[in-house]
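Coordinates in review
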Amino acid sequence: MGTRKVIGLWGGIGSGKTTVCSALEGQPFRVDVINADQLGHAAYAPGEAAVDEIAAAFGSEVRAEDGGINRRALGALVFGSEAKMKTLTDIVWPIIKQKARQRIDELKASPLQSDQGQLIILEAAVLLEASWDELVDEVWVTMVDEAIAKERIMKRNKLDEDAATKRLSSQMSNEERLAKLKELHSLPHVVIWTNRELSSVENDVLSLARKTLNLTLD
Ligand SMILES: CC(C)(COP(=O)(O)OP(=O)(O)OC[C@H]1O[C@@H](n2cnc3c(N)ncnc32)[C@H](O)[C@@H]1O)[C@@H](O)C(=O)NCCC(=O)NCCS
Ligand SMILES: Nc1ncnc2c1ncn2[C@@H]1O[C@H](COP(=O)(O)OP(=O)(O)OP(=O)(O)O)[C@@H](O)[C@H]1O
């Protein structure tokens, strides 16, 4: 019987979260990724409870034509304003947490399908800020030098340097992230530095996964 583990994958913009998940594809153990950005987006669909609350807080200009939330309009209000972002996250983080817990429970209730075990990965840029680490067994943190993160997101998102700097400065610095990690105490955690050759990062991620699942290392 394989082991099931829930991993919280935490890291800033362009730090390598998606790359880590891709490295785990096609392995003999099962991997299910829950993406917190997507759970948040689902909360903005027409008829969802958060929609009226957000429109009441931010005004009707954040309503989309279909009756849901227009993320672009909302993003323009909250990115760059700490106070407005807090108003939004006070509404939406508890909803994302509840959706993530429900999805983890569903996955845990489903047949394992592999005697090599299962990793359930909760991928979230704000895992610790939102206290979603309460849902996981282990935390993996992707980290990269900020200058390299800037280069990567300029290239990937076709941003100029100013726009990339703005996005990076709206999140925790590496120093703040490392300090925050110290608050985890008893929860196992590991930092995955991604400013290295991709193949070296991928090898480390596979070793980490096998260790987490108590599989023999080859
Ligand atoms: C502001 C919103 C509506 C903008 O939506 P939009 O589709 O334009 O952007 P998207 O969600 O893809 O986010 C863009 C990037 O910003 C990051 N990000 C989003 N919210 C935050 C936040 N509160 N703090 C730090 N980074 C954030 C995302 O992880 C992503 O890398 C949306 O990001 C949102 O609802 N944010 C608040 C909820 C939240 O914290 N989500 C992140 C869960 S990991
Ligand atoms: N080791 C590496 N060497 C070179 N490029 C890399 C490496 N790791 C990641 N990248 C590239 O950097 C960019 C950002 O990586 P990735 O998309 O995995 O980060 P992310 O944390 O998921 O970002 P976001 O939260 O912004 O979506 C991608 O274009 C990816 O291909």
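Residues numbered from 1 in each chain as written. Chains lettered and ligands numbered in written order. Predicted model: local features only at pLDDT ≥ 70, side-chain atom pairs only at ≥ 80, totals over all residues. Heavy atoms only, no water.

Here's the deal with the packing of helix α6 (residues 146–156) against helix α7 (residues 161–169)
Working note: a packed helix pair is described by the angle between its axes plus the distance between those axes. The contact between α6 and α7 brings their axes to 9 Å, and the two run at 125 degrees. Taken together, α6 and α7 sit at an angle that is classed as oblique. The way α6 lies across α7 gives a crossing that is right-handed. Of the residues in α7, those touching α6 at E146, A149, K150, I153 and M154 are E161, A164, T165, R167 and L168. Taken together, the residues of the contact of α6 with α7 sort by class into five nonpolar, one polar and four charged. (Axes fitted to C-alpha atoms, helices over the stretch in contact; angles between N-to-C directions. Helix = DSSP H or I, 4+ residues; strand = E, 2+ residues; numbered from the N terminus. Parallel < 35°, antiparallel > 145°, perpendicular 65-115°, else oblique. Left-handed = near helix turned anticlockwise from the far one by under 90°. Contact = heavy atoms within 4.5 Å. Nonpolar A, V, L, I, M, F, W, Y, C, P; charged D, E, K, R; others polar.)

Some words on the site of ligand 2
Not every one of the 14 residues close to ligand 2 is listed here, only the nearest: K17, T18, T19, R156 and R196. A distance of 3.0 Å separates an oxygen atom of ligand 2 from a polar backbone atom of G16. Between ligand 2 and the protein, one listed contact pairs an oxygen atom with a side-chain N or O atom of T19 at 2.5 Å. In the complex, the protein chains occlude 72% of the 630 Å² of accessible area that ligand 2 would expose alone. For the shell around ligand 2, the elements supplying multiple residues, two or more each, are α1 (17–23), α6 and α9 (198–212). Top element by residues in the shell around ligand 2 is α1. It accounts for three residues. In the shell around ligand 2, the residues fall into three nonpolar, seven polar and four charged. (Near = heavy atom within 4 Å. Polar contact = N/O pair within 3.5 Å; in protein donor to acceptor, adjacent residues only side chain to side chain. Areas by Shrake-Rupley, 256 points an atom, 1.4 Å probe, with all protein chains shown as cover.)

Overview of the site of ligand 1
In the vicinity of ligand 1 lie 17 residues, with D37, H41, Y44, R71 and W93 positioned nearest. Within the side chain of W93, a nitrogen or oxygen atom sits 2.8 Å from an oxygen atom of ligand 1. Taken together, the elements giving at least two residues each to the shell around ligand 1 come down to α2 (36–42), α4 (71–78) and α5 (82–109). Tallying contributions element by element places α5 first for the shell around ligand 1, with five residues.

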